[in-house]
Amino acid sequence: MAPIEILAPAGGPAQARAAILNGADAIYLGAKQFSARSGAQNFDEEELGRTVDDCHGRGVKVYLALNTLLRQSELPRALEVVRQAHRAGIDALIVQDLGLVSLVRWAFPDLPLHGSTQMSIHSPAGARQLARLGFSRAILARELSLKEIAAIAREGALELEVFIHGALCMSVSGQCLMSAVIGGRSGNRGDCAGTCRLPFCAVSSPEEAAALPGGAGDRYDLSLKDLCGIDHLPQLQALGVASVKIEGRLKRPEYVGQVTAAVWRARAGQGYDKALLQDLFSRSGFTDGYLTGAIGPQMFGHRREADARASQKALSRLAAEPLFPRRERGDKLPLRARFTLRRGEGLTLIARCGEAQAQGSIPAQEARAKPTGREALLRCLEKTGDTPFSLAEGSCEVEEGLFVPVSACNALRRQVYGELAERCAAPAPARRECPVDLSACHRGRPARRQLAARFEAVEQLLGAREAWPLLDEILLPLRALEDRRLAPFLDELLPKLTGCLPRLLFTGEGEVAQRARRWAARGLPRVEGDNLAHLELLRGCGAEVTAGPGLSCFSGPAALALQEMGAVRATLSPEVQAAEIAQFPQAVFLRALGYGRLPVMNLRACPLQNRGGCAACRRTGGVVDRTGRLFPLLCQGGWSQLLNCLPLDMGDRRDALALADSELLWFTVEAPGEIAPTIRRYAAGQRSTPQGGYTRGLYFRAV
């Protein structure tokens, strides 16, 4: 089994150098645009080319992270960035946006694709779907346990990459709207404001929230400690994981170097200084709770003043030491070098690595005092420094009585070793490029606009029975269809029903797929998938498949990609602006969310669970922010969904959604008696919420 790859972050050239010199087998970096870490220095075209050449000369791979959601208008520029990186010789492209995936597969068929953690791959079916799309690697969600990673690895569908150290998002990556909705800065587009690091207080009920005197106070119930999973590296290697990833493209070179070195030492079976890593950066310490399955209060922590002081002290101490301490690396390239010192020829150095060779010569002179000896030249050969080489064989042939200054010997060595490194660099492979048609789409109004409603609970649906005739489609959790209270109404409801799979499905995929097939056989017309795994699970289920908002339908090419994967309807991403709907192809049936509390986070570590466990939970709680606003929390069984503090309401602005085929009303925490009036008012073009008690979402705000 090949050694597990150490993949280190490179927010800029200095961080790339720190990663390379401390044992990274590969680095990942971003371009100046479309990077999920827009706050990092990132790389322009020239810097990227130099970095790729330098890395390849040292046997290090380079992956470009172009892993944000892309608007239709941004796709031509994004493809140009990919073209530049492709020609520079990057080893793989890390990507999230389904529209870009389809375009890159066509335009650059030889370029390996890695599925970003933003794609929320957390199950065997998700890995299979990625492989079907042509990906060579899946970067798994951070929320998985070793047991769950093992289940995905057993499939063998494609390479797996797992986070080993660094920050943990509160929400499953790619499933968070918190920063966009609250602060107008989209995490899915590389501009996360870190909203979850602000004070939030978990409360068990709206009454408890109202009783809080000063909002969240000093509670940080949406902030997780940083991950440190280095001790589990041998287990990950044994599972067949291909790569372990260090998070931290916003971190300093010292951090990147020290963490990379620690992972390298752990892989080599050596000890590492965990206390130093914690001093460099932590949030009240580290956690490995997801990997071990010990999800609970011990995972939560925030950045304290004591943490900041420890970081400052550690960085000051490291500043007094060499940034890149020389250490023996088992993965350096073996070097054979020979000095020859002769009269009439001077000093010649020949260096070889594999089939590559470089040489150089400088004059020598008669020694007036101590001549240059064999031992001095051998010591010079051993100084490989930050080159990709380790001296495997050094030899000298010296004619006595000659002298060459030590500085000249060192300069010759640096010159020859540098030339050899360049010659060892694998040239960028010749790759195919194909033209791409990015013609604009022009979407017209549908012949008839439909109205759909999604209900979180059966009692909500039954309480709104008088409004059923106004609805063309009724969405309900697939598991809820088996509720006995629905039995008397199934004949009436079935033609309109869509059964929805849970957005996150860490276990039990086979059971859910069987349930979908069973209901399709009973006449259920549609089943909705909300994750890439679902499109794999529902393939050939016997019902039409629709795509929920978790699948990030963000552009025309993304909508077509979902259609190609089998989805006959797609719900627009909540981050799409109203004016952009006109850019989607007419051939795709589109739903637009018209009413409901947006799910701003999807969580596996539940903040309410920390208050006393699931048994004591009343399922009426949420979290309160600094201003006292309550964000309701919905338990979904094994994970939870945090909802916005205000509902989206487009009832009096339906004209803005006129190009969508259907408008979706999503009922989550509304009382059954509130729902039918809301449906009637929305159908009549009226807003259901009072002034100041609603939001327009992101329809008129660019993020």
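Residues numbered from 1 in each chain as written. Predicted model: local features only at pLDDT ≥ 70, side-chain atom pairs only at ≥ 80, totals over all residues. Heavy atoms only, no water.

This part covers the overall build of the protein chain. The number of helices and strands found in the protein chain is 21 helices and 30 strands. Relative to its length of 703 residues, the protein chain is compact, with a C-alpha radius of gyration of 29 Å against a globular reference of 27 Å. Projecting the C-alpha coordinates of the protein chain onto the three principal axes gives extents of approximately 110 × 55 × 45 Å. Every one of the 703 residues in the protein chain was classed for burial, and the buried ones make up 59%. The contacts in the protein chain between residues at least 6 apart in sequence include a share of 72% that link residues at least 24 apart. With the model as given, the accessible surface of the protein chain reaches about 27700 Å², and the carbon-plus-sulfur share is 50%. In the protein chain, 87 side chains carry a positive charge and 75 a negative one; their mean positions are 2 Å apart. (Helix = DSSP H or I, 4+ residues; strand = E, 2+ residues; numbered from the N terminus. Rg over C-alpha atoms; globule rule 2.2 N^0.38 Å. Buried < 20%, exposed > 50% of the residue type's maximum accessible area, 1.4 Å probe, protein only. Contact = heavy atoms within 4.5 Å. Areas by Shrake-Rupley, 256 points an atom, 1.4 Å probe, with all protein chains shown as cover. Lys, Arg positive; Asp, Glu negative; His and termini not counted. Charge placed at Lys NZ, Arg CZ, Asp CG, Glu CD.)

Residues of helix 1 (residues 13-21) that are buried: Gln15, Ala16, Ala18, Ala19, Ile20 and Leu21. Of the surrounding secondary structure, the elements contacted by the buried residues of helix 1 are strand 1 (5-10), strand 2 (26-29), helix 2 (45-57) and helix 10 (253-267). Count one or two residues on from helix 1 and you reach glycine 23, which has phi positive near 110 degrees.

With that settled, the discussion passes to the packing of aromatic side chains. Tallied over the entire structure, the rule returns five aromatic pairs. Here phenylalanine 455 and phenylalanine 667 contribute two aromatic rings whose centre-to-centre distance is 5.6 Å and whose plane-to-plane angle is 25 degrees, an arrangement assigned as stacked. A residue pair is termed long-range when its members are at least 10 positions apart, and phenylalanine 455 in strand 18 (residues 450-455) and phenylalanine 667 in strand 30 (residues 662-667) qualify at 212 residues. With a centroid separation of 5.5 Å and an interplanar angle of 40 degrees, the aromatic rings of tyrosine 595 and phenylalanine 667 are classed as tilted. Residue tyrosine 595 is located in strand 24 (residues 589-596), and its partner phenylalanine 667 is located in strand 30; the two are separated by 72 residues in the primary sequence. Grouped by ring-pair contacts, the aromatic residues Phe455, Tyr595 and Phe667 constitute a single cluster. In this arrangement the basic side chain of arginine 142 is found over the ring face of phenylalanine 163, its NZ or CZ atom lying 4.0 Å from the centre. The ring of tyrosine 28 has lysine 245 lying over it, and the distance from NZ or CZ to the ring centre is 4.3 Å. (Phe/Tyr/Trp six-rings, centres within 6.5 Å; stacked < 30°, edge-to-face > 60°. Lys NZ or Arg CZ within 6 Å of the ring centre and 35° of its normal.)

This brings us to the sheet that holds strand 13 (residues 346-353). Ordered by their spatial adjacency, four strands build an open sheet running 14-13-12-16, and the pairing between neighbours is mixed. Edge positions in the open sheet fall to strand 14 (356-362) and strand 16 (389-398), since each of these has one partner strand only. Put simply, the sheet's adjacent strands are angled 15 degrees from each other on average, direction ignored. Here nine bridges tie strand 12 (residues 333-342) to strand 16, and the two strands are oriented parallel to one another. (Pairing = 2+ DSSP bridges. Axes fitted to C-alpha atoms, helices over the stretch in contact; angles between N-to-C directions.)

Further remarks concern the pattern of salt bridges. According to the stated counting rule, one finds 48 salt bridges in the structure shown. The partner of glutamate 305 in a salt bridge is arginine 309, and the shortest N-O contact between them spans 3.9 Å. Remark: arginine 309 and glutamate 305 occur in helix 13 (residues 305-319); sequence separation between them is four residues, near one turn of the helix. Here glutamate 305 matches arginine 309 in class, with each residue exposed. Put simply, arginine 449 and glutamate 663 hold a salt bridge, and the shortest N to O gap is 2.6 Å. Placement of arginine 449 in the loop between helix 15 (406-424) and strand 18 and of glutamate 663 in strand 30 is noted, with a sequence separation of 214 residues between them. A relative accessible area of 1% places glutamate 663 in the buried class. When salt bridges with common partners are traced through the structure, they connect Arg454, Glu473, Arg526, Glu528, Arg569 and Arg591 into a single cluster. (Salt bridge = Lys/Arg side-chain N within 4 Å of Asp/Glu carboxyl O.)

Moving on, we get to empty space enclosed by the protein. Under the criterion given, the structure shown has six cavities of 30 Å³ or more. Taken together, 15 residues make up the lining of the largest cavity; nearest its centre are Gln118, Met119, Gly550, Leu551 and Ser552. Of the residues assigned to the lining of the largest cavity, the class counts are five nonpolar, eight polar and two charged. (1 Å grid on protein atoms, 1.4 Å probe; cavity = no way out; pocket = protein on both sides within 12 Å on 5 of 7 lines; lining within 4 Å. Points joined across faces, edges and corners; volume = space filled by probe spheres on them. Nonpolar A, V, L, I, M, F, W, Y, C, P; charged D, E, K, R; others polar.)

Here we take up the nonpolar core. If you look at the biggest cluster of nonpolar residues, it comprises 197 residues, and the most contacted ones within it are Ile27, Phe455, Leu562, Leu642 and Ile679. Among the elements that line this core, the one with the most residues is helix 10, at seven residues. By size, the runner-up hydrophobic cluster in this structure holds 24 residues, among which are Leu347, Ala351, Ala356 and Leu381. (Core = buried A, V, L, I, M, F, W, Y, C linked by side-chain atoms within 4.5 Å.)

This next bit is on the side chain of threonine 68. You can see threonine 68 is positioned in the loop between strand 3 (61-66) and helix 3 (75-88). On the accessibility criterion, threonine 68 (2% relative accessible area) is buried. Not counting the four nearest positions on each side in its chain, threonine 68 is found in contact with Phe34, Ser35, Ala36, Gln96, Asp97, Asn188, Arg189 and Gly190.

Looking now at the sheet that holds strand 27 (residues 630-635). Within the open sheet, the five strands sit side by side as 8-26-27-28-25. Their pairing is antiparallel. At either end of the open sheet lies a strand with only one pairing partner, and these are strand 8 (201-203) and strand 25 (599-603). Looking at each pair of strands side by side, their axes are set apart by 25 degrees on average, direction ignored. Examined bridge by bridge, strand 27 and strand 28 (residues 640-643) share three bridges and lie antiparallel to one another. Considered in strand 28, the bridge of cysteine 635 is made with serine 640.

Moving on, we get to the side chain of arginine 58. Structurally, the position occupied by arginine 58 is in the loop between helix 2 and strand 3. Separated by 2.8 Å, the side chains of arginine 58 and aspartate 54 make a polar contact. Excluding residues within four positions of it along the chain, arginine 58 makes contact with Ile20, Leu21, Asp386, Thr387 and Pro388. (Polar contact = N/O pair within 3.5 Å; in protein donor to acceptor, adjacent residues only side chain to side chain.)

The next subject is helix 2. Between its first and last C-alpha, helix 2 extends 18 Å over 13 residues, near the 18 Å set by a 1.5 Å rise per residue. Every buried residue of helix 2 is listed here: Glu47, Leu48, Gly49, Thr51, Val52, Cys55, His56 and Gly57. Those residues of helix 2 that are buried are in contact with helix 1, strand 2, strand 3, helix 3, strand 12 and helix 15. Of the residues flanking the start of helix 2, the one acting as N-cap is aspartate 44, its side-chain oxygen 3.2 Å from the backbone nitrogen of glutamate 46. Directly after helix 2, the chain includes glycine 59, whose backbone phi takes a positive value near 75 degrees. (Expected span 1.5 Å × (residues − 1).)

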